[in-house]
Amino acid sequence: MSQARMKVAVLVSGSGSNLQVIIDRVKSGDLEIDLVGVISNREDAYAITRAKEAGIPVAVLSHVPNGKRMSISTFEKHALEQIQQWSADLVVLAGFMRVLSAQFIHSVPCPMINLHPSLLPNYKGLDTHQRVLRSGDNRHGCSVHLVTAELDAGQVLTQAWLSVRTGDSAETLAKRVQVLEHQLVPFTIDLIIKGVISIQDAKTAKSSSMMPLPLKLWLDQP
């Protein structure tokens, strides 16, 4: 009897380029998961179009019926109900731009992973590319980490890095890091599927734990 495929839900806010990479890998058979649904906190996110074109269920949680922007507490209530309804085994935050509450994170019945555009624990939060340039660092990249109540502080699972070039701008760095992101996200999910990375204890894992970083994806751009 074949093993059941992991059910994955994805939270998005923008264009959904990383979502598209996941969709393409699933279609090609390179990533053996079931994409059970996509949740967007923005009604104008192009990721919604990508999901619908792929036949993936979509929940748009951006505004309440009177037209006002949905509060984070209302968003979290509906998002939690949707994740439970889909029976997700893993939630992937791919370009999701709202900070989630500790209550929501603890209530989600499965592990969540987040893609962050820096080499954590450096440069948590926003504007990572500008901050790297201001600091004069010669390396930059992206990380996939477990989502915990503390912002961008969960256990790092995988990273990919590149060398900062003379003359790089925040825009060129963002484009080059995005190339790494498109490889790192499916790479990490595949490691989870194959058991190379264990997320069974992810709900209680902390960044200070001694869980080893299993693999890094060394992808210096030419």
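On a predicted model such as this, the values are computed, not experimentally measured, just so you know.

## Notes on the confidence of the model for the protein chain
And then number 1: The predicted model of the protein chain averages 89 in pLDDT, with 88% of residues at 70 or higher.
And then number 2: Residue range residues 204-215 is modelled with pLDDT below 50. Its contacts to residues more than four positions away, or to other chains, number 24 contacts.

## Digging into helix 6 (residues 170-193)
And then number 1: Compared with the 34 Å implied by 1.5 Å per residue over 24 residues, the 34 Å span of helix 6 between its first and last C-alpha is a close match.
And then number 2: Just beyond helix 6, the residue with positive phi is Gly195, at close to 80°.

## What about the pattern of salt bridges?
And then number 1: Considering all chains together, one arrives at 5 salt bridges under this definition.
And then number 2: One salt bridge in this structure joins Arg42 and Asp44, with 3.0 Å as the shortest N-O distance.
And then number 3: Accessibility expressed as a relative area gives 36% for Arg42, which makes it partly exposed.
And then number 4: The exposure class assigned to Asp44 is exposed, which follows from its relative accessible area of 52%.
And then number 5: Between Asp168 and Arg176 there is a salt bridge, with its nearest N and O atoms 2.8 Å apart.

## Section: the layout of surface pockets
And then number 1: Roughly 890 Å³ of internal volume is contained in the largest pocket.
And then number 2: Along the walls of the largest pocket sit 37 residues, with Gly95, Phe96, Met97, Leu115 and Pro117 positioned nearest its centre.
And then number 3: Top contributing element to the lining of the largest pocket by residue count: helix 6, with 4 residues.
And then number 4: Of the residues that constitute the lining of the largest pocket, the class distribution is 16 nonpolar, 16 polar and 5 charged.

## What about the environment of Gln178?
And then number 1: With respect to the helices and strands, the residue Gln178 is situated in helix 6.
And then number 2: Along the backbone, Gln178 and Asn18 are 160 residues apart, and their C-alpha atoms lie at a distance of 8.6 Å.

## Describing helix 1 (residues 17-28)
Helical geometry: 3.6 residues make up each α-helical turn, so side chains three or four residues apart lie on a common side.
And then number 1: Taking 1.5 Å as the rise per residue, helix 1 with 12 residues should run 16 Å; its terminal C-alpha atoms sit 17 Å apart, in good agreement.
And then number 2: Listed in full, the buried residues belonging to helix 1 are Ser17, Asn18, Leu19, Val21, Ile22 and Ile23.
And then number 3: The inward-facing, buried residues of helix 1 contact strand 1 (6-12), strand 2 (33-40), helix 2 (46-53), strand 5 (112-116) and helix 6.

## Points about the UniProt feature "binding site: (6R)-10-formyltetrahydrofolate" (unreviewed entry) in the protein chain
And then number 1: In this numbering, the UniProt entry assigns the feature "binding site: (6R)-10-formyltetrahydrofolate" (unreviewed entry) to Arg69 and Asn114. The annotated residues contributing to the lining of the largest pocket are Asn114.
And then number 2: Inspection of the secondary structure puts Arg69 in the loop between strand 3 (58-60) and helix 3 (72-86).
And then number 3: Judged by relative accessible area, which is 42%, Arg69 ranks as partly exposed.
And then number 4: Leave out the neighbours within four places in its chain, and Arg69 touches Asn41, Ser62, His63 and Arg98.
And then number 5: Secondary-structure assignment places Asn114 in strand 5.
And then number 6: The class of Asn114 is buried, set by a relative accessible area of 10%.

Criteria and thresholds
- Residues numbered from 1 in each chain as written.
- Predicted model: local features only at pLDDT ≥ 70, side-chain atom pairs only at ≥ 80, totals over all residues.
- Heavy atoms only, no water.
- pLDDT = per-residue confidence, 0-100.
- Contact = heavy atoms within 4.5 Å.
- Helix = DSSP H or I, 4+ residues; strand = E, 2+ residues; numbered from the N terminus.
- Expected span 1.5 Å × (residues − 1).
- Salt bridge = Lys/Arg side-chain N within 4 Å of Asp/Glu carboxyl O.
- Buried < 20%, exposed > 50% of the residue type's maximum accessible area, 1.4 Å probe, protein only.
- 1 Å grid on protein atoms, 1.4 Å probe; cavity = no way out; pocket = protein on both sides within 12 Å on 5 of 7 lines; lining within 4 Å.
- Points joined across faces, edges and corners; volume = space filled by probe spheres on them.
- Nonpolar A, V, L, I, M, F, W, Y, C, P; charged D, E, K, R; others polar.
- UniProt positions renumbered as here; feature names shortened; annotations may be inferred.

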